[in-house]
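These are the residues of each chain, in order.
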Amino acid sequence: MHELPVTKGILAAAVEAAEQNGARRIIAIDLVIGNLASIVDDSVQFYFDMLSKNTLAEGAKLNFKRESGTARCWDCGHQFDAGIPLIRECPACNSARLHVSGGREFYVESIEVDDENSSS
Ligand SMILES: [Zn+2]
(Lines give C-alpha, C1' and ligand atoms only; values in the text may rest on other atoms or scores of the structure.)
Protein backbone atom coordinates (compact mmCIF):
# COMPACT_ATOMS: atom_id res chain seq x y z
CA MET A 1 0.00 0.00 0.00
CA HIS A 2 1.75 3.12 -1.17
CA GLU A 3 -1.27 5.29 -1.78
CA LEU A 4 -0.64 7.48 1.28
CA PRO A 5 2.68 9.06 0.19
CA VAL A 6 1.40 9.26 -3.37
CA THR A 7 -1.75 11.05 -2.26
CA LYS A 8 0.31 13.49 -0.17
CA GLY A 9 2.28 14.32 -3.29
CA ILE A 10 -0.85 14.94 -5.31
CA LEU A 11 -2.34 17.17 -2.65
CA ALA A 12 0.86 19.19 -2.31
CA ALA A 13 1.15 19.66 -6.08
CA ALA A 14 -2.49 20.65 -6.44
CA VAL A 15 -2.42 23.13 -3.54
CA GLU A 16 0.79 24.69 -4.81
CA ALA A 17 -0.65 25.13 -8.30
CA ALA A 18 -3.83 26.60 -6.88
CA GLU A 19 -1.92 29.09 -4.73
CA GLN A 20 0.19 30.18 -7.67
CA ASN A 21 -3.01 30.90 -9.58
CA GLY A 22 -4.55 32.82 -6.69
CA ALA A 23 -7.30 30.27 -6.36
CA ARG A 24 -9.51 30.19 -3.32
CA ARG A 25 -10.61 26.64 -3.65
CA ILE A 26 -9.85 23.51 -5.64
CA ILE A 27 -13.01 22.04 -7.13
CA ALA A 28 -11.64 19.02 -8.92
CA ILE A 29 -8.37 17.27 -9.67
CA ASP A 30 -7.84 15.15 -12.77
CA LEU A 31 -5.41 12.32 -12.19
CA VAL A 32 -3.84 9.96 -14.65
CA ILE A 33 -3.04 6.50 -13.34
CA GLY A 34 -1.31 3.80 -15.32
CA ASN A 35 -3.03 0.42 -15.39
CA LEU A 36 0.15 -1.19 -14.12
CA ALA A 37 0.72 1.23 -11.25
CA SER A 38 -0.79 -0.80 -8.46
CA ILE A 39 -2.82 2.06 -7.07
CA VAL A 40 -6.37 1.68 -5.85
CA ASP A 41 -8.66 4.60 -6.66
CA ASP A 42 -10.70 4.20 -3.49
CA SER A 43 -7.61 4.32 -1.29
CA VAL A 44 -6.41 7.50 -2.93
CA GLN A 45 -9.83 9.08 -2.44
CA PHE A 46 -9.88 7.94 1.19
CA TYR A 47 -6.48 9.41 2.00
CA PHE A 48 -7.24 12.52 0.00
CA ASP A 49 -10.38 13.24 2.02
CA MET A 50 -8.37 12.81 5.19
CA LEU A 51 -5.34 14.88 4.16
CA SER A 52 -7.19 17.70 2.41
CA LYS A 53 -9.08 18.85 5.51
CA ASN A 54 -8.47 22.56 6.13
CA THR A 55 -6.64 23.02 2.85
CA LEU A 56 -7.69 24.66 -0.41
CA ALA A 57 -8.47 21.21 -1.69
CA GLU A 58 -10.99 20.23 0.94
CA GLY A 59 -14.01 18.66 -0.74
CA ALA A 60 -12.36 18.53 -4.16
CA LYS A 61 -13.52 15.79 -6.47
CA LEU A 62 -10.91 13.40 -7.81
CA ASN A 63 -11.30 12.22 -11.38
CA PHE A 64 -9.31 9.14 -12.27
CA LYS A 65 -8.22 8.46 -15.79
CA ARG A 66 -6.68 5.08 -16.50
CA GLU A 67 -3.89 4.80 -18.99
CA SER A 68 -2.85 1.39 -20.26
CA GLY A 69 0.66 0.19 -20.81
CA THR A 70 1.89 -1.35 -24.03
CA ALA A 71 3.52 -4.75 -24.35
CA ARG A 72 5.59 -5.62 -27.39
CA CYS A 73 6.80 -9.05 -28.37
CA TRP A 74 10.52 -9.26 -29.15
CA ASP A 75 9.97 -12.26 -31.39
CA CYS A 76 7.07 -11.35 -33.66
CA GLY A 77 6.62 -7.63 -33.00
CA HIS A 78 2.99 -8.01 -31.92
CA GLN A 79 1.78 -5.15 -29.71
CA PHE A 80 -1.04 -5.25 -27.22
CA ASP A 81 -2.41 -3.42 -24.20
CA ALA A 82 -0.85 -4.43 -20.92
CA GLY A 83 -3.02 -4.32 -17.83
CA ILE A 84 -3.50 -6.21 -14.60
CA PRO A 85 -3.20 -9.18 -14.55
CA LEU A 86 -0.13 -8.81 -16.70
CA ILE A 87 -0.01 -11.15 -19.68
CA ARG A 88 3.25 -13.10 -19.61
CA GLU A 89 3.08 -14.60 -23.07
CA CYS A 90 2.56 -13.08 -26.48
CA PRO A 91 -1.02 -13.81 -27.61
CA ALA A 92 0.20 -14.14 -31.20
CA CYS A 93 3.18 -16.49 -30.89
CA ASN A 94 3.32 -17.51 -27.19
CA SER A 95 6.78 -16.07 -26.74
CA ALA A 96 7.61 -14.98 -23.20
CA ARG A 97 10.06 -12.36 -24.40
CA LEU A 98 7.93 -9.28 -23.94
CA HIS A 99 8.86 -5.70 -23.39
CA VAL A 100 6.36 -3.65 -21.42
CA SER A 101 6.38 0.13 -21.52
CA GLY A 102 4.17 2.78 -19.97
CA GLY A 103 1.23 2.02 -17.74
CA ARG A 104 3.01 3.07 -14.57
CA GLU A 105 2.40 6.78 -14.68
CA PHE A 106 0.70 8.62 -11.89
CA TYR A 107 0.35 12.35 -12.06
CA VAL A 108 -1.96 15.33 -11.79
CA GLU A 109 -3.14 16.18 -15.28
CA SER A 110 -5.07 19.32 -14.39
CA ILE A 111 -6.92 20.98 -11.58
CA GLU A 112 -10.14 22.91 -11.64
CA VAL A 113 -10.18 25.88 -9.31
CA ASP A 114 -12.46 28.60 -8.11
CA ASP A 115 -10.46 31.78 -8.59
CA GLU A 116 -11.15 35.33 -7.55
CA ASN A 117 -11.26 36.68 -11.10
CA SER A 118 -14.28 34.64 -12.06
CA SER A 119 -16.44 35.87 -9.19
CA SER A 120 -17.30 39.26 -10.68
ZN1 LIG B 1 4.92 -12.73 -30.39
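Treat the numbers as computed from the prediction; the structure is a model and nothing was measured.

Peer 1: Quick rundown of the overall build of the protein chain? Include the residues and the values.
Peer 2: Along the protein chain, the regular secondary structure elements total two helices and six strands. When the helices and strands of the protein chain are placed in sequence order, the string is α-β-α-β-β-β-β-β. Relative to the globule expectation of 14 Å for 120 residues, the C-alpha radius of gyration of the protein chain, 18 Å, shows a markedly less compact shape. By principal-axis analysis of the C-alpha atoms, the protein chain measures approximately 60 × 30 × 15 Å. When burial is assessed residue by residue, the protein chain has 29% of its 120 residues classed as buried. Counting only contacts in the protein chain whose residues sit at least 6 apart along the sequence, the fraction spanning at least 24 positions is 70%. Accessible surface, the protein chain: about 7200 Å² in total, of which carbon and sulfur atoms supply 49%. Of the charged side chains in the protein chain, 11 are positive and 18 negative, and the gap between their average positions amounts to 6 Å.

Peer 1: Kindly report on the coordination of the zinc ion, identifying the contributing residues and their values.
Peer 2: Distances from the zinc ion to its protein donors, namely Cys73 (SG), Cys76 (SG), Cys90 (SG) and Cys93 (SG), fall within the range 2.3 Å. One can describe the site at the zinc ion as tetrahedral: its four donor atoms subtend angles covering 107 to 112° at the metal. Exposure remark for Cys93: the relative accessible area of 35% places this residue in the partly exposed category.

Peer 1: Before we move on, could you go through the sheet that holds strand β5 (residues 98–101) and cite the residues and values that matter?
Peer 2: Taken in spatial order, the three strands make up an open sheet running β4-β3-β5, and their pairing is antiparallel. Each edge of the open sheet is held by one strand with a lone partner, namely β4 (79–82) and β5. Put simply, the sheet's adjacent strands are angled 30° from each other on average, direction ignored. Relative to β4, strand β3 (residues 69–73) runs antiparallel, the two being bridged by four bridges. Paired with Arg72 across the two strands is Gln79, which belongs to β4.

Peer 1: Could you give an account of the sheet that holds strand β1 (residues 23–34), with specific residues and numbers?
Peer 2: Spatially, β2-β1-β6 is the arrangement adopted by the three strands of the open sheet, whose pairing is mixed. The open sheet has two edge strands with one neighbour each: β2 (61–67) and β6 (106–115). For this sheet, the mean angle separating the axes of adjacent strands, direction not counted, is 20°. Of the pairings in the sheet, the one linking β1 to β2 comprises seven bridges and is parallel in character. Bridging across to β2, Leu31 finds its partner in Phe64. Sheet strands in contact with helix α2 (residues 41–51) are β1, β2 and β6, and its direction is about 155° off that of β2.

Peer 1: Explain the side chain of Thr7 to me, and be specific about the residues and the numbers.
Peer 2: With respect to the helices and strands, the residue Thr7 is situated in helix α1 (residues 3–20). In terms of polar contacts, Thr7 uses its side chain to reach the backbone carbonyl oxygen of Glu3, at 2.5 Å. Once residues lying within four places of it in the same chain are set aside, the contact partners of Thr7 are Val44, Tyr47, Phe48 and Leu51.

Calculation criteria
- Residues numbered from 1 in each chain as written.
- Predicted model: local features only at pLDDT ≥ 70, side-chain atom pairs only at ≥ 80, totals over all residues.
- Heavy atoms only, no water.
- Helix = DSSP H or I, 4+ residues; strand = E, 2+ residues; numbered from the N terminus.
- Rg over C-alpha atoms; globule rule 2.2 N^0.38 Å.
- Buried < 20%, exposed > 50% of the residue type's maximum accessible area, 1.4 Å probe, protein only.
- Contact = heavy atoms within 4.5 Å.
- Areas by Shrake-Rupley, 256 points an atom, 1.4 Å probe, with all protein chains shown as cover.
- Lys, Arg positive; Asp, Glu negative; His and termini not counted.
- Charge placed at Lys NZ, Arg CZ, Asp CG, Glu CD.
- Donors = N, O, S within 2.8 Å, 3.2 Å for Na, K, Ca; no water.
- Tetrahedral: all angles 85-135°; square planar, octahedral: opposite > 155°, others 65-115°.
- Pairing = 2+ DSSP bridges.
- Axes fitted to C-alpha atoms, helices over the stretch in contact; angles between N-to-C directions.
- Polar contact = N/O pair within 3.5 Å; in protein donor to acceptor, adjacent residues only side chain to side chain.

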